[in-house]
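One letter stands for each residue in the lines below.
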Amino acid sequence: MNKMNKKIIRKAASGLMLTGLATAVLAGCSGGSSAGEAGSNDRTEEITMLVLGDKPNNGRLESMLEELNGKLEEKVNATLDLHYVEWADWQTQYNVELLSGDGSIDLITTATDWLYGWENAQKGAFLPLTEEMLKENAPKTWEQVSEFGDWDLTKLEDGNIYFIPEDNYKQYTNHGFFYRGDWATEAGLPNGEITKFDDLTAYFEYVLENKDGVVPWETNAPGAGIDAYVRGNYDYRNLIGINVGNYEMWQTEASDPYTVTSYLMEGNSLKEAAEEIKNWNDMGVWREDVLNFTGDSRELFYSGQAAVDQHHTQTYIGQIVYNMNTKQPGSDPKMYAIGQENNNIGKDLKTHGALAVSASSKNPEKALQVYDLLRNDEECYRLINYGIEGTDYIVTEDGNLDYPEGYDPSTDSLGSNFWAGRMDNFELDKTTDAPNKDEIYSALDEFAYDYPFENLIFNKDAIESSQSAMANVLSTYMPQLQAGKFEDPSAEIDKMREELKSAGYDEVLTSLQADMDTFVEQHDLK
């Protein structure tokens, strides 16, 4: 066992001791009832699941839970309640609630790329799950994840499973620019399509010259511009889970996949990108006070007052196409996926969504039984994800999901935010989905790469202080670079790089490379 492994195990063990709960709970699991025996316990258990999102106040959620709980009570003698961590303060409140250890939460929505899954497992927030527990209390989940061979993606170095992956749900969360195909055609782009970064510039130029009153890109976060340039012209691939503040600083390259680097520090790509973005700023692609913009960029795109918006492929498929065709008939909405000209697009992690059992859960067996139903029982699945049929949704004669007459998604949404176990087996195509959804997925599947380091856990304790110091440097320079506000971006990048070195860049790089080398050796990747 190498030093890193020992350290991780010691850290996990320390976290469990601190909570003082996980081991006791685990020990108590061995003698509990199985899913098939659930009805033998006279007391109905209330299971609480932590979800992220803004809790709706339209009454739809409560009505759904009342109907769902009737099913859960009948099947496993339990009911479900949802505890919300809302978007306004999720980055601080989420971890505080997980580590409180007060026993008020049983099931936890997690993820390894954006919800600190590994870190919270190491700190003892999640209950280690044994194969026996899962087989007994979540048998269908156990079988499906086993069939896909994905349990190893959820284990720490101690060999325990710490969460259940949402590994049977197809999604792409790569970002891209949404634009109007009618205007791209007028701009003379072949087939009315933006297929590379330079096409974006040509599209913006056309809009500025020909569409009075339209701001090409309404945003207060123009960082996607630099990202689009670098991904489209280089083969950098971001390392996940080690962001420096708000910035994805660390990468490897497709041509050199096991050497950690950073284009923010090395090479010319950032300088080239910053010059292009300065050109956008000088052209007037966004308003002068871009970083202080507080408007709703998507609504301005829908209303024809902006020429692009940007977000996930999922957003394009599920929202943009339908809304633009409805609100801007003839606009021919399309998406330029960042990195598409270079095939530099990655698939989602299988732990982009996941479900953990709280280490302080008073009834982890029952919690797993409830989860197994939410994930694998189609009736329960539709309730938690879609609501009550006839009220929250309808199913058309050809089997697609639609909404009742008068349904308004802005006021009538269910808002259950079940991102911890969606299953393609039960997903319904929506009548509002992009009609070429399958073609979009197929095209991405042809070249999108699998992230090769899904269970590489970097030792963040060793780099925490330097990462924090570097985050302060990046927050000083990057917003201005991303908005094209520096008169001489190359000179400012040189200054930024000097300050990053002083903040500990080389030490962090050495530490990350050591973790990478260990992972490569353990997995025999060379």
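Residues numbered from 1 in each chain as written. Predicted model: local features only at pLDDT ≥ 70, side-chain atom pairs only at ≥ 80, totals over all residues. Heavy atoms only, no water.

Quick look at the pattern of salt bridges
Defined as follows: Here a salt bridge means any side-chain nitrogen of Lys or Arg lying within 4 Å of a carboxyl oxygen belonging to Asp or Glu. In this description a helix means any DSSP run of H or I spanning at least four residues, a strand means any run of E spanning at least two, and both kinds are numbered starting from the N terminus. Exposed residues in this analysis have more than 50% of their type's maximum accessible area, buried residues have under 20%, and partly exposed residues fall in between, with area computed by a 1.4 Å probe over protein chains only.
One pass over the full model with this rule turns up 29 salt bridges. For K460, the salt bridge is made with E119, and the minimal N-O distance between the two is 1.9 Å. Highlighted residues: K460 in the loop between α17 (437-447) and α18 (464-482) and E119 in helix α5 (residues 117-122), separated in sequence by 341 residues. A residue is classified by how much of its surface remains accessible, and K460, at 28% relative accessible area, is partly exposed. Given the relative accessible area of 18%, E119 is considered buried. Residues D282 and K278 are paired through a salt bridge, measuring 2.8 Å at the closest nitrogen-oxygen approach.

Observations concerning the sheet that holds strand β4 (residues 164-165)
Applicable threshold: Between any two strands, at least two bridges found by DSSP are needed for them to pair.
Here five strands make up an open sheet; going across it, the order is β2-β1-β3-β12-β4 and the pairing mixed. Each having just a single partner strand, β2 (78-85) and β4 make up the two edges of the open sheet. With eight bridges connecting them, strand β1 (residues 45-52) and β2 associate as parallel partners. Residue pairing across strands places L50 opposite H83, the latter belonging to β2.

Considerations on the sheet that holds strand β9 (residues 256-261)
The strands making up a sheet are joined through hydrogen bonds of the backbone, oriented either antiparallel or parallel. Threshold: Think of each axis as a best-fit line through the C-alpha atoms, taken over the contacting stretch in the case of a helix, with angles from 0 to 180 degrees between the N-to-C directions.
Ordered by their spatial adjacency, three strands build an open sheet running β7-β8-β9, and the pairing between neighbours is antiparallel. Single-partner strands in this sheet number two, and they are β7 (236-238) and β9. Within the sheet, the average angular offset between the axes of one strand and its neighbour, ignoring direction, is 35°. Sheet analysis places strand β8 (residues 251-253) next to β9, joined by two bridges and oriented antiparallel.

Things to note about the UniProt feature "domain: DUF3502" (unreviewed entry) in the chain
As a reminder, the rule being used: UniProt positions are given in the numbering used here, feature names are shortened, and annotations may be inferred rather than shown by experiment.
Feature annotation in UniProt assigns "domain: DUF3502" (unreviewed entry) to the following positions: residues 457-520. Secondary structure content for residues 457-520 is 78% helix and 0% strand, while the C-alpha to C-alpha distance between its ends is 12 Å.

What about unusual backbone geometry?
The residue D332 is not glycine, and still its phi comes out positive at about 55°. Within the secondary structure, D332 is located in the loop between α13 (313-327) and β11 (333-337). Residue classification places D332 among the partly exposed positions, given a relative accessible area of 36%. The phi torsion at D524 lies on the positive side, around 50°, for a residue other than glycine. Its place among the elements puts D524 in the segment after α20 (505-522).

Considerations on the pairing of strand β10 (residues 306-312)
In terms of residue burial, β10 counts as a mostly covered element, since five of its seven residues are buried. Inspection of the sheet shows strand β5 (residues 175-180) paired to β10 by five bridges, in the antiparallel sense. If you follow Y179 over to β10, its bridge partner there is V308. Bridge count for strand β6 (residues 215-217) against β10 is two bridges, and the pairing is parallel. Within β10, the position partnered with V215 by the bridge is A306.

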